[in-house]
Amino acid sequence: MVFENFEVEHEFETIGKKVMLLNARRIQLSGQQLILLAIADITEVRNLEKEKARVEKNVMQEKIDAEKKISEALKSADAYIRNVFMQAPVSIALFKGPSFIVDMINEKGLEIWGTTLKKVINKPLFEISPELRDQGLEKILAEVYTSGEPYIGHEIPTHYNRNGKLHYGFFNFTLHPVRDLNGSIIGITSVGTEVTEEVIARKKIEDSETLFHFIADAMPQKVWTADATGNRTYFNKQWLDYTGMTLEELTNDGWKHIIHPDDLKKTNKRWKQSLESGQDFEVEDRKRDRNGQYKWHLSRAIPFRDEAGNITMWIGTNTEVEKQKLQSLEFETAVKERTKELQEQKDFSETIINTTIDLIVVYDIQMRIIEFNKACEDLFHIKKEDVIGKT
């Protein structure tokens, strides 16, 4: 009888369950046939093997569970990203390969094209919109794809197909290369938004400003504008000719340098009051011309308000009043001098009347006393102020 590595599991009353490894072979000893039986206790080895298998199973299960969680998390993240991608308020598209096949495109992109996902997915961009090729977009995409350098387009005028009809609009967009794990470029992402309404609105404003500047330059008055906070933004040709300064030198606070130092504080105060109250601005001050001479000007400005009543800008004029101001000053000087002369004559007359010993009483046409000299006061013991105006 011969056997090798035969395992036997046996429950002993005293030592419990044991696993034994049996090996037996037939031998002859002193002419007798004997069986040599070797018994090894491998209980601990088998227990360790079972524990190792259990641990490995648990580790494997934990790894499987972890991979499952990661997979679920990735799916959830991918679903979230795709949801954000699809609902983004700007057009987003992914073009794959040098043929720029549409691999992904969101709802805004489909809206701009006026099409469905089924009609564009997995199709080359210029097969879908061949009109874009002739406008240089293919060349731009190819440059990004080969160079790896992003491209930023600002207010790019574009003819494009929407709902089967050719439209004209303006777009802001960026193109970025997409690389694989090895760094090789495999596609391009496009993120863009249509700004047609904004561009048209701005161009209308620019056209209006151009017309306003044309009219202002044709006016004989010096015309200027300021923003809602008071920063001067424009001066017409008459201003530039008068001061000999450039538009850049006059704008913002540059205009303050041509106001006479004695008038600047008053002008600043009036301007600040108008900005704070929204009331019309008006002041007379002296402004320096290109030859360094100061001349009087009447400065006026009114606020321009939007539909809500908010001030959006100020429009002002400056009218030279040098001659009128000089005439007014001359007249004021003449009046002061004549008033002084009359006062001196009155003082002289009163001195004569009050120093004479003769009695002097003067009446107006209603016979009311208008003069009562000191000699009368002394004789009649009556104060002048008590009889003036009486009959």
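Anything mentioned here points back to the structure above.
Before going into details, it helps to say that this report is about the structure given with it.

Quick notes on the rules
Residues numbered from 1 in each chain as written. Predicted model: local features only at pLDDT ≥ 70, side-chain atom pairs only at ≥ 80, totals over all residues. Heavy atoms only, no water. Helix = DSSP H or I, 4+ residues; strand = E, 2+ residues; numbered from the N terminus. Contact = heavy atoms within 4.5 Å. Pairing = 2+ DSSP bridges. Axes fitted to C-alpha atoms, helices over the stretch in contact; angles between N-to-C directions. Phe/Tyr/Trp six-rings, centres within 6.5 Å; stacked < 30°, edge-to-face > 60°. Buried < 20%, exposed > 50% of the residue type's maximum accessible area, 1.4 Å probe, protein only. Lys NZ or Arg CZ within 6 Å of the ring centre and 35° of its normal.

Considering the environment of isoleucine 388
Then, in step 1: Structurally, isoleucine 388 can be placed in the segment after helix H12 (384-387).
Then, in step 2: Counting along the chain gives 18 residues from isoleucine 388 to isoleucine 370, while the straight-line C-alpha distance between them is 5.4 Å.
Then, in step 3: Not counting the four nearest positions on each side in its chain, isoleucine 388 is found in contact with Ile369, Ile370, Glu371 and Phe372.

Here we look at the sheet that holds strand S11 (residues 281-288)
Then, in step 1: If you walk across this open sheet you meet the five strands as S10-S9-S13-S12-S11, and the pairing is antiparallel. With one partner strand each, in any of the chains shown, strand S10 (232-235) and S11 form the two edges of the open sheet. Averaged over all pairs of adjacent strands, the angle between strand axes in this sheet comes to 25°, irrespective of strand direction.
Then, in step 2: Direction of pairing for S11 relative to strand S12 (residues 294-305): antiparallel, over a ladder of eight bridges. Paired with arginine 286 across the strands is tryptophan 296, a residue of S12.
Then, in step 3: Along the sheet face, helix H6 (residues 196-218) touches strand S9 (222-227), S10 and strand S13 (311-320) and points at about 55° away from the line of S10.
Then, in step 4: On top of the sheet, helix H9 (residues 261-277) reaches S9, S10, S11, S12 and S13; it is set at about 150° to S11, its chief contact.

Topic: the packing of aromatic side chains
Then, in step 1: Per the counting criterion, the structure on display carries nine aromatic pairs.
Then, in step 2: Taking 6.1 Å as the distance between ring centres and 90° as the angle between the ring planes, the aromatic pair formed by phenylalanine 100 and tyrosine 145 counts as edge-to-face. Taken together, the positions of phenylalanine 100 in the loop between strand S4 (91-96) and strand S5 (101-105) and tyrosine 145 in helix H5 (residues 137-147) put the pair 45 residues apart, joining distant regions of the chain.
Then, in step 3: Judged by relative accessible area, which is 4%, phenylalanine 100 ranks as buried.
Then, in step 4: Clustering of aromatic rings is evident, with ring pairs tying together Trp224, Trp271, Phe281 and Trp314.
Then, in step 5: Stacked on the ring of tyrosine 242, the Lys or Arg lysine 222 has its end atom at 4.4 Å from the ring centre.

Digging into the environment of glutamate 350
Then, in step 1: Mapped onto the fold, glutamate 350 is located in helix H10 (residues 322-355).
Then, in step 2: Sequence spacing of glutamate 350 and asparagine 373 is 23 residues, and the spatial spacing of their C-alpha atoms is 8.5 Å.

Description of the sheet that holds strand S6 (residues 151-162)
Then, in step 1: Reading across from one edge, S5-S4-S8-S7-S6 is the order of the five strands in this open sheet, with antiparallel pairing throughout. Each edge of the sheet is formed by a strand with only one pairing partner; in this case those strands are S5 and S6. Strand-to-strand twist in this sheet, taken as the mean axis angle between neighbours without regard to direction, amounts to 35°.
Then, in step 2: Here strand S7 (residues 165-179) runs beside strand S8 (residues 185-194); their pairing, made up of nine bridges, is antiparallel. Bridge assignment links histidine 176 to a residue of S8, and that residue is threonine 189.
Then, in step 3: Relative to the sheet, H5 contacts S6, S7 and S8, its axis offset from that of S8 by approximately 135°.
Then, in step 4: Against the sheet, H6 contacts S6, S7 and S8, and its axis sits at roughly 120° relative to S7.

That's the geometry; what it means functionally is another story.
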